[in-house]
Amino acid sequence: MLGDIPAWLQKHVGTGEGQIAPVVLERARALHQKNMRQGKTRNACYLAMDATRPSTDSDGAPGRRFYVICEDRHSFRAVSSGYGNGRNLPRADFSNGRTCARHFSNAEGSKLTAGGAYLTAETRTSFRGFYTEAGKRVPFYRTFVVFEGEGDTRNARERAIGGHQAAFLRWQCRFEQADSPYADKEGFVPYGQMVDYTSGRSNGCTTWSEEVSREIISLVEGNPTSLYIYPEGDDIDRVALAVGRGEPISQAGLYWNVQCLSEIGVPKFWPKQTLQPVINQWRRSLPKQTPGVLPICQ
């Protein structure tokens, strides 16, 4: 309850820009305290996300909806983060817009965010290709923080859900560099354009800016901690029911960001058992394609 929250932290509680909604903090804090008692983490810091908030604030800057809280340091930081973009399939459209998320799911392949309890696990760093920076070709490595889930999010590993920098390389061509450990059997490495989507959408993972990504990775690498993402499936169903009845959600004791609820109308949670067959059927219907070959860079 809010009465148990330290005074310095209560100053950051609210629904305004840069604040954390009471229900999000309460659940994130309770999850972290439980994990501490059970010995799952010794990290004094914990993480939270409010996926009901918009991607940008009133000034057009990336919206702050991810939280890093270190109570031993009296430290609270609100930063930007991406949510799942979803898909538009012949049998179901569960795609999300750029500003607000309407659809959520724990189905593998849905590319959607699933709210609930997570614990950070190991980190994996992979080579993504080369790009040009300051006139030179440089390698891009991206570190992925694996998430372990529980309850509805227990399939997080199966879904390859985790956290990473909100950037990727759009491959354009390949060039010869036979001495690279990442060269293919012909001695070529991929080259592309860096795409930063800090204030945009992801494929279901939690994504951060380059600076925040470095900070969070250093915080959790070898030192797991708790992450709570709001809303969960039950929250979404209850908000949808209240909206359908024309009942103000605040009177029903529910929470959703006001701006985004106005934009999306009615949120929707797609349970794995409902959506997974739709995704699997779509995958089976896809024609077999021969992998393309990147052209040689000129």
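Each chain carries its own residue numbering, running from 1 in the written order of its sequence. Reporting in this predicted model follows two pLDDT cut-offs: at least 70 for local features of residues, and 80 or more for side-chain atom pairs to be given and counted; totals over whole chains, interfaces and linings ignore these cut-offs and use all residues. In computing side-chain properties, one takes all heavy atoms of the structure into account and sets aside hydrogens as well as water.

Engineer: Just to check I follow, could you spell out the pairing of strand β8 (residues 116-133) for this structure?
Structural biologist: Across four bridges, β8 lies against strand β15 (residues 226-230) in antiparallel orientation. Looking across to β15, one finds that Leu119 is bridged to Ser226. Any two strands with at least two DSSP bridges between them are considered paired. Strands are runs of DSSP state E lasting at least two residues, helices are runs of H or I lasting at least four, and both sets are numbered from the N terminus onward. Summarising the sheet, β8 and strand β9 (residues 136-149) pair through 13 bridges and their orientation is antiparallel. In the sheet register, Thr120 faces β9, and the bridge partner there is Phe147. Where β8 folds back onto β9 in an antiparallel hairpin, the turn is made up of two residues, including Ala134, whose phi is positive at roughly 55 degrees.

Engineer: For this particular structure, what's the right way to read the state of the cysteines?
Structural biologist: Two cysteines form a disulfide when their sulfur atoms are joined by a covalent bond. Whenever a pair of cysteine sulfur atoms sits within 2.5 Å, that pair is classed as a disulfide. The full count for this structure, using the stated rule, is three disulfides. The disulfide partner of Cys173 is Cys297, and the gap between their sulfur atoms is 2.0 Å. Note on the Cys173 and Cys297 pair: the S-S dihedral is about 95 degrees, so by sign convention the disulfide is right-handed. Placement of the pair is Cys173 in strand β11 (residues 167-176) and Cys297 in the segment after α6 (272-285), with a sequence separation of 124 residues. Take the cysteines of the protein chain that form disulfides and number them in order along the sequence; they join up as 1-2, 3-5, 4-6.

Engineer: Help me out: how do you make sense of the pattern of salt bridges in this one?
Structural biologist: If the charged atoms of two oppositely charged side chains come close together, the side chains can form a pair. In what follows, salt bridge is the name for a side-chain nitrogen of Lys or Arg lying within 4 Å of a carboxyl oxygen of Asp or Glu. If you walk through the whole model with that rule in mind, you get 17 salt bridges. Here Asp184 ties to Arg174 by a salt bridge, and the two come within 3.9 Å at their closest N and O atoms. Here the residue Asp184 occupies a position in the loop between β11 and β12 (188-196), and Arg174 occupies one in strand β11, the gap between them amounting to ten residues. A cluster of three or more residues bridged by salt bridges with shared partners is formed by Arg27, Glu232, Asp235 and Arg238.

Engineer: Whenever I open this one, the side chain of Gln165 confuses me. Can you help?
Structural biologist: Here Gln165 is to be found in strand β10 (residues 162-165). Each residue gets one of three labels from its accessible area relative to the maximum for its type: buried under 20%, exposed over 50%, partly exposed in between, using a 1.4 Å probe on protein chains only. Taking the relative accessible area as the measure of exposure, Gln165 reaches 13% and is therefore buried. Note on definitions: a residue-residue contact is assigned when non-hydrogen atoms from the two residues lie within 4.5 Å. When near neighbours in sequence (up to four residues on either side) are disregarded, Gln165 contacts Phe140, Arg142, Thr143, Tyr197, Trp208, Ser209, Glu210 and Ser213.

Engineer: I would appreciate a short explanation of unusual backbone geometry in the present structure.
Structural biologist: In terms of backbone geometry, most residues other than glycine have negative phi values and most peptide bonds are trans. Residue Pro231 is bonded to the preceding Tyr230 through a cis peptide linkage, with omega at 15 degrees. Structurally, Pro231 can be placed in the loop between β15 and α4 (233-244). The phi torsion at Lys111 lies on the positive side, around 60 degrees, for a residue other than glycine. Secondary-structure assignment places Lys111 in the loop between β7 (103-105) and β8. By relative accessible area, Lys111 is classed as partly exposed at 26%.

Engineer: Would you take a moment to explain the pairing of β9 for this structure?
Structural biologist: Moving residue by residue along a regular strand, the side chains alternate between the two faces of the sheet. Where β9 lies against β10, two bridges are found, and the strand directions are antiparallel. Of the residues in β10, the one forming a bridge with Val145 is Gly163.

Engineer: Can you walk me through the packing of aromatic side chains in this structure?
Structural biologist: Two numbers describe a pair of aromatic rings. These are the distance of the centres and the angle of the planes. For this analysis, a ring pair means two rings from Phe, Tyr or Trp (six-membered ring only for Trp) whose centres lie within 6.5 Å, classed as stacked if their planes differ by under 30 degrees, edge-to-face if by over 60, and tilted for the remaining angles. Applying the stated criterion across every chain, the model contains 13 aromatic pairs. With centroids separated by 5.6 Å and ring planes inclined at 55 degrees, the aromatic side chains of Tyr118 and Phe147 adopt a geometry described as tilted. Highlighted residues: Tyr118 in strand β8 and Phe147 in strand β9, separated in sequence by 29 residues. Since its relative accessible area comes to 4%, Tyr118 is described here as buried. By relative accessible area, Phe147 is classed as buried at 1%. When the centroid spacing of 5.6 Å and the interplanar angle of 70 degrees are considered together, the rings of Phe127 and Phe130 count as edge-to-face.

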